[in-house]
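So the chains spell out like this:
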Amino acid sequence: MLVMNSEVKYVKTLKKYILGIFLCLFSLNLALAENLEIEATGFLEWNQEGKSYKAIGNAIASQGTRSLKADEIMAFYESEENRDIIRIEAEGGVSFTDSINSGYSDKLSYDMDTQIVSLSGDNSRFRSNQFVADAAKLIRFNETTGELLLQKDAMILITGNRRIEAQQIEILLTEGGEVSII
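Report follows, based on the coordinates. (Residues numbered from 1 in each chain as written. Predicted model: local features only at pLDDT ≥ 70, side-chain atom pairs only at ≥ 80, totals over all residues. Heavy atoms only, no water.)

Tallying secondary structure elements over the chain gives one helix and 13 strands in all. Counting from the amino terminus, the chain carries its helices and strands in the arrangement α-β-β-β-β-β-β-β-β-β-β-β-β-β. Across the 182 residues that make up the chain, the buried fraction comes to 35%. Once local pairs closer than 6 in sequence are excluded, the contacts in the chain between residues at least 24 apart make up 31%. Of the accessible surface of the chain, which amounts to about 11,100 Å², a share of 52% is contributed by carbon and sulfur atoms. (Helix = DSSP H or I, 4+ residues; strand = E, 2+ residues; numbered from the N terminus. Buried < 20%, exposed > 50% of the residue type's maximum accessible area, 1.4 Å probe, protein only. Contact = heavy atoms within 4.5 Å. Areas by Shrake-Rupley, 256 points an atom, 1.4 Å probe, with all protein chains shown as cover.)

Dropping the structure here:
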């Protein structure tokens, strides 16, 4: 009986030690991935098989001037050898800001390689200093090319009370976030 109790204590201690190592690796990996920081009031989970990190409960992901808040955030990495984050998905009360733009939606997906952010859900909104854009189905913004796509019951309100509504609106933005072509 004594041997069994000491084995149970050893296993419990070993589990705590392994969890500590995983949390350190998780923190180190995020620090190396261009200072991407993820936190949550609920819990953080590392899924090695799914190559992902999950934050649940008032989750926040931040990197430089960018900030993303949601009920749940998942960050996906390429492989065990290369744990750089390649995609971020957020769900539930999603809001985001960067140095020029902000917005909110039910769901958000961001591809780190293509730098495309997609917002979907009933009340998606994308905002800059120059305009406010709404769409019922999808808002997709390509940070590299400045292309902004609004689908289904789309609306853009440009500074000066100019308003355009359509089922689909394609917009080209300048580097400073100003509307160039609609």
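Further notes follow.
Under the criterion given, the structure shown has one cavity of 30 Å³ or more. Considering only enclosed or pocket space, the largest cavity measures out at about 280 Å³ in volume. Together, 19 residues line the largest cavity, and Arg66, Ser67, Leu68, Phe96 and Tyr110 are the ones closest to its centre. Contributions of two or more residues to the lining of the largest cavity are made by β3 (52–63), β4 (66–77), β5 (85–97) and β6 (102–111). (1 Å grid on protein atoms, 1.4 Å probe; cavity = no way out; pocket = protein on both sides within 12 Å on 5 of 7 lines; lining within 4 Å. Points joined across faces, edges and corners; volume = space filled by probe spheres on them.)

Turning next to the nonpolar core. If you look at the biggest cluster of nonpolar residues, it comprises 36 residues, and the most contacted ones within it are Leu68, Leu108, Phe126 and Leu150. Setting aside chain neighbours within four positions, we find Leu108 in contact with Leu68, Ile88, Glu89, Ala90, Val94, Phe96, Val117, Ser118 and Leu119. (Core = buried A, V, L, I, M, F, W, Y, C linked by side-chain atoms within 4.5 Å.)

Sheet topology places β5 next to β6; nine bridges connect them, and they run antiparallel. Of the residues in β6, the one forming a bridge with Ser95 is Tyr104. Between β5 and the antiparallel strand that follows it, β6, lie four residues. In this sheet, strand β8 (residues 124–127) lies alongside β6 in antiparallel orientation, the contact comprising three bridges. Looking across to β8, one finds that Ser102 is bridged to Arg127. Sheet analysis places β6 next to strand β7 (residues 116–120), joined by five bridges and oriented antiparallel. (Pairing = 2+ DSSP bridges.)

What follows covers the pairing of β7. Hairpin connection, β6 to β7: the antiparallel pair is bridged by four residues, and Gln115 has positive phi, about 55 degrees. Pairing geometry for β7 and strand β10 (residues 138–142), over five bridges, is antiparallel. Directly across from Ser120, in β10, lies its bridge partner Leu138.

What follows concerns the layout of surface pockets. Of the volumes computed, that of the largest pocket is approximately 280 Å³. Lining the largest pocket are 15 residues, and of these Ile100, Asn101, Phe141, Glu143 and Glu175 sit closest to its centre. For the lining of the largest pocket, the residue count by class is three nonpolar, eight polar and four charged. (Nonpolar A, V, L, I, M, F, W, Y, C, P; charged D, E, K, R; others polar.)

Let us look at the pattern of salt bridges. Any two side chains of opposite charge can pair, given that their charged atoms come close. Evaluation of the coordinates by the stated rule reveals five salt bridges. Measuring nitrogen to oxygen at the nearest pair gives 2.5 Å for the salt bridge that ties Arg83 to Glu80. Taking relative accessible area as the criterion, Glu80 reaches 32% and is therefore assigned partly exposed. The closest approach of N and O atoms between Asp134 and Arg125, which form a salt bridge, is 2.6 Å. Classification of Arg125 by relative accessible area gives partly exposed; the value is 22%. (Salt bridge = Lys/Arg side-chain N within 4 Å of Asp/Glu carboxyl O.)

As for its placement among the helices and strands, Ser105 is situated in strand β6. Owing to a relative accessible area of 4%, Ser105 belongs among the buried residues under this scheme. Only 3.3 Å separates the side chain of Ser105 from the backbone oxygen of Lys107, close enough to count as a polar contact. Of the polar contacts made by the side chain of Ser105, one reaches the side chain of Ser124; its length is 2.8 Å. (Polar contact = N/O pair within 3.5 Å; in protein donor to acceptor, adjacent residues only side chain to side chain.)

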